[in-house]
Amino acid sequence: MTGLLVAGTTSDAGKSVVTTALCRAFARRGVRVAPYKAQNMSNNSMVCHGPDGRPAEIGRAQWVQALAARALPEPAMNPVLLKPGSDRRSHAVLLGHPAGEVSSSDWEAGRRHLAEAAHAAFDDLSARYDVVVAEGAGSPAEINLRAGDYVNMGLARHAGMAVVVVGDIDRGGVFAAMYGTVALLEPEDQVLIAGFAVNKFRGDHALLRPGLDDLERITGRRVFGTLPWDPGLWLDSEDALDLEGRRADGEAALRVAVVRLPRISNFTDVDALGLEPGLDVVFASGPRDIADADLVVLPGTRSTLADLAWLRSRGLDTAITAHVRRGRPLLGVCGGFQMLGRTVTDPEGVEAAPGASADGLGLLDVRTDFTADKVLRLPEGEALGAPVSGYEIHHGRITVGDGAEEFPGGARSGSVFGTMWHGSLEGDAFRAAFLARTLGYGPSGTDFSAARERRMDLLADLAERYLDVDALLGLAREGAPAGLPVLGPGPSLPSPSTTLNGRPSAAVLPSSSPSTTLNGRPSAAVLPSSSPSTTLNGGPSAAVSSSSSPSTTLDGGPSAAVPPASSPSAAPGGRLRGGDPR
């Protein structure tokens, strides 16, 4: 099998960005490449067609990555999609279609069948494409979840696939995060970690270089490059951690306030508005945030009733109603549209408790009833004199009363518009017609599809300039290099005897000594040693490094380190002290 896993030190480290960049860069080389993510936990999704021709649902990031790869999006590229409905429960989508729920109480047992289907989907893609670029989820060092992992190292082991770990340097602590990500893994996982890529760097690269050199020396692994911070990469962002406003240039911009619901979904619906040069798009969490808005958007949500209750608890219901009474436009999309109606009911308990119901804001003559059957469609139509299209993903069924006018996928009344169609504003003609009707906003000539293509090309350009793309393609084809060192403290590393007494120690790294004892106070780490006995008494020690002495003792007070001596088992680069091997 040929493939590369792009893992990350954290969520939002840049896995999706790097995967998208590599898909486009590899495709430029004539490589038939497919994106893949075994399990995506996201409320941002998209509709594509399955092999049987039926509409199917996948994570939006994988849909965009398929476009970057110049491949046709399909369910195998994201075989498992988990859509959080609460803090402890997610709705599962398997190969594009609903597959029950997964809860935190049965996290491992409840996902075994998902793992089998996910790995089968990867095998299918790898048989049809030259290279599969797989995106991990969260961090591979979430060792509490390793036993049931099929997304990160579980996938890498299944496919014998090389792994590159991406770290976000803008958050700080990237060197510790990268080293720790490798060191916390089992030896069998560690040997698949081929190296690192740094993301979101801003500043003088000469100041960063010594740290990269140290990381390579200490871990025995390459840093394949450093991607710079670029504010133009926000388009099609999947992670809610990246929810920020899109500020227009100039003071005369019209203000669009998007309500930031707790369980917001498909917030990329407003991306096209963010590209308009005369619109200032902000996310709003309170009444003051929408008081001076020219247009308010109530976006989709994975839990309409819960977010409707949140809306009222914040006083946003009153603020939205006041906005409409002033004659200003309001757009509701999917769950946001449902909130604008008269009632919302969930008789079967699809999103809430069975029989749950609530009054809507009463701004449109519609009612919503949730059913177990999910609607997946790619509709087309015409409105406001322009062609319009989108995609539908919902359980809520809308009934429009006599007091509302027709609108594609929904209804309208005066300045209030509601639709179940996601993505309708991505159509340039319809967006121009809608903004002209609601805000008197003139055509800007913005081409959304071209902007998306430019973003994907920009990502590939950055990868070509700042990453060793040829080396990464080589990893995808040939796997991780042999002989990569194992770092401590991999939990399954064998040791004849390791004892820590008195207080807990943060870690004991691999040692070939018969006995390693730390007494009295915690020690940060004991690094590789070939000595028969190493003892630290009376106070904390930062580290004991490789030594070939029969006995090394630090008594009476803290010691920073015992300098390394020649040893066949010494880790690459000797010891680590203050992030700097000496």
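Residues numbered from 1 in each chain as written. Predicted model: local features only at pLDDT ≥ 70, side-chain atom pairs only at ≥ 80, totals over all residues. Heavy atoms only, no water.

A. Highlighting empty space enclosed by the protein. Enumeration according to the criterion identifies four cavities of 30 Å³ or more in this entry. Roughly 160 Å³ of volume is contained in the largest cavity. Forming the boundary of the largest cavity are 18 residues, of which Thr 301, Cys 334, Glu 351, Ile 393 and His 394 lie nearest the centre. Broken down by secondary-structure element, the contributors of at least two residues to the lining of the largest cavity are helix H12 (335–339), strand E21 (366–377) and strand E24 (392–400). Among the elements that make up the lining of the largest cavity, the one with the highest residue count is E24 (four residues). Partitioning the lining of the largest cavity into residue classes produces three nonpolar, 11 polar and four charged. (1 Å grid on protein atoms, 1.4 Å probe; cavity = no way out; pocket = protein on both sides within 12 Å on 5 of 7 lines; lining within 4 Å. Points joined across faces, edges and corners; volume = space filled by probe spheres on them. Helix = DSSP H or I, 4+ residues; strand = E, 2+ residues; numbered from the N terminus. Nonpolar A, V, L, I, M, F, W, Y, C, P; charged D, E, K, R; others polar.)

B. View of the pattern of salt bridges. Counted under the stated rule, the structure contains 34 salt bridges. For Arg 377, the salt bridge goes to Glu 392, with nearest N and O atoms at 2.5 Å. Taken together, the residues Arg 377 in strand E21 and Glu 392 in strand E24 connect sequence positions 15 residues apart. Through salt bridges with shared partners, one network takes in Arg 24, Arg 28, Glu 453, Asp 457 and Asp 461. (Salt bridge = Lys/Arg side-chain N within 4 Å of Asp/Glu carboxyl O.)

C. Geometry of the layout of surface pockets. Considering only enclosed or pocket space, the second largest pocket measures out at about 480 Å³ in volume. As for the second largest pocket, its lining consists of 26 residues, and the residues nearest its centre are Met 46, Trp 63, Ser 389, Gly 390 and Glu 426. Broken down by secondary-structure element, the contributors of at least two residues to the lining of the second largest pocket are strand E4 (45–49), strand E23 (386–389), helix H13 (428–439) and helix H14 (448–466). Here the lining of the second largest pocket takes four residues from E4, the largest share from any one element.

D. Structural view of the pairing of E23. Burial along E23 is one-sided: the residues Ala 386 and Val 388 are buried and none of Pro 387 and Ser 389 is. Relative to E23, strand E22 (residues 380–383) is paired through four bridges, and the arrangement is antiparallel. If you follow Glu 380 over to E23, its bridge partner there is Ser 389. Count of turn residues in the E22/E23 antiparallel hairpin: two residues, of which Leu 384 carries a positive phi of about 55°. (Buried < 20%, exposed > 50% of the residue type's maximum accessible area, 1.4 Å probe, protein only. Pairing = 2+ DSSP bridges.)

E. Structural view of the packing of aromatic side chains. Taken as a whole and assessed by the stated rule, the structure comprises five aromatic pairs. Judged by centre distance (5.2 Å) and plane angle (75°), the ring pair of Tyr 36 and Phe 122 falls under edge-to-face. Residue Tyr 36 is located in strand E2 (residues 33–36), and its partner Phe 122 is located in helix H3 (residues 112–128); the two are separated by 86 residues in the primary sequence. Assigned by exposure class, Tyr 36 and Phe 122 land together as buried. Taken together, the ring pairs in this structure connect Phe 407, Phe 417, Phe 430 and Phe 434 into an aromatic cluster. In this structure, Arg 202 packs its charged tip against the face of Trp 229, placed 4.2 Å from the ring centre. (Phe/Tyr/Trp six-rings, centres within 6.5 Å; stacked < 30°, edge-to-face > 60°. Lys NZ or Arg CZ within 6 Å of the ring centre and 35° of its normal.)

F. Structural context of the confidence of the model for the chain. In the predicted model, the chain carries a mean pLDDT of 83, and 79% of its residues have values of at least 70. Across residues 492–582, confidence stays below pLDDT 50; counting only partners more than four residues off in sequence or on other chains, it has 179 contacts. (pLDDT = per-residue confidence, 0-100. Contact = heavy atoms within 4.5 Å.)

G. Structural context of the nonpolar core. Counting 94 residues, the largest nonpolar core has Phe 26, Val 33, Tyr 36, Val 163 and Leu 472 as its most contacted members. Once residues lying within four places of it in the same chain are set aside, the contact partners of Val 163 are Leu 5, Ala 7, Met 153, Ala 156, Leu 192, Ile 193, Ala 194 and Gly 195. The next biggest cluster of nonpolar side chains, apart from the first, holds 55 residues, and it includes Val 281, Val 297, Phe 417 and Tyr 441. (Core = buried A, V, L, I, M, F, W, Y, C linked by side-chain atoms within 4.5 Å.)

H. Representation of helix H15 (residues 469–478) within the structure. Within the sequence span of H15, burial applies to Val 469, Leu 472, Leu 473, Gly 474, Leu 475 and Ala 476. Among the residues trailing H15, Gly 479 stands out with phi positive, at a value near 90°.

I. Highlighting the side chain of Thr 9. Checked against the element boundaries, Thr 9 lands in the loop between strand E1 (3–8) and helix H1 (15–28). When near neighbours in sequence (up to four residues on either side) are disregarded, Thr 9 contacts Ser 139, Val 165, Val 166, Gly 167, Asp 168, Ala 177, Met 178 and Thr 181.

J. Quick look at the environment of Gly 418. One can find Gly 418 in strand E27 (residues 416–419). Its relative accessible area of 0% is what places Gly 418 among the buried residues. Separated by 121 residues in the primary sequence, Gly 418 and Val 297 place their C-alpha atoms 9.8 Å from one another. Other than its neighbours up to four places away in sequence, Gly 418 contacts Gly 332, Phe 337, Leu 364, Phe 407, Gly 410 and Ala 411.

K. Fine view of the sheet that holds strand E7 (residues 89–94). If you trace the four strands from one edge of the open sheet to the other, you get E3-E6-E7-E8, paired in mixed fashion. Since the sheet does not close on itself, it has two edges, and those belong to strand E3 (39–41) and strand E8 (97–103), each with one partner. Shown here is a sheet whose adjacent strand axes are inclined to one another by a mean of 25°, direction ignored. (Axes fitted to C-alpha atoms, helices over the stretch in contact; angles between N-to-C directions.)

L. Main features of the sheet that holds strand E16 (residues 295–298). Pairing within the open sheet is mixed, and its seven strands lie in the order E15-E13-E16-E18-E27-E26-E25. Edge strands, defined here as strands with exactly one partner in the open sheet, are strand E15 (279–284) and strand E25 (405–407). Ignoring which end each strand starts from, the neighbouring axes of this sheet average 20° apart. Pairing of strand E13 (residues 254–259) with E15 involves six bridges; the strand directions are parallel. Looking at E15, one finds that Val 256 is bridged to Val 281.

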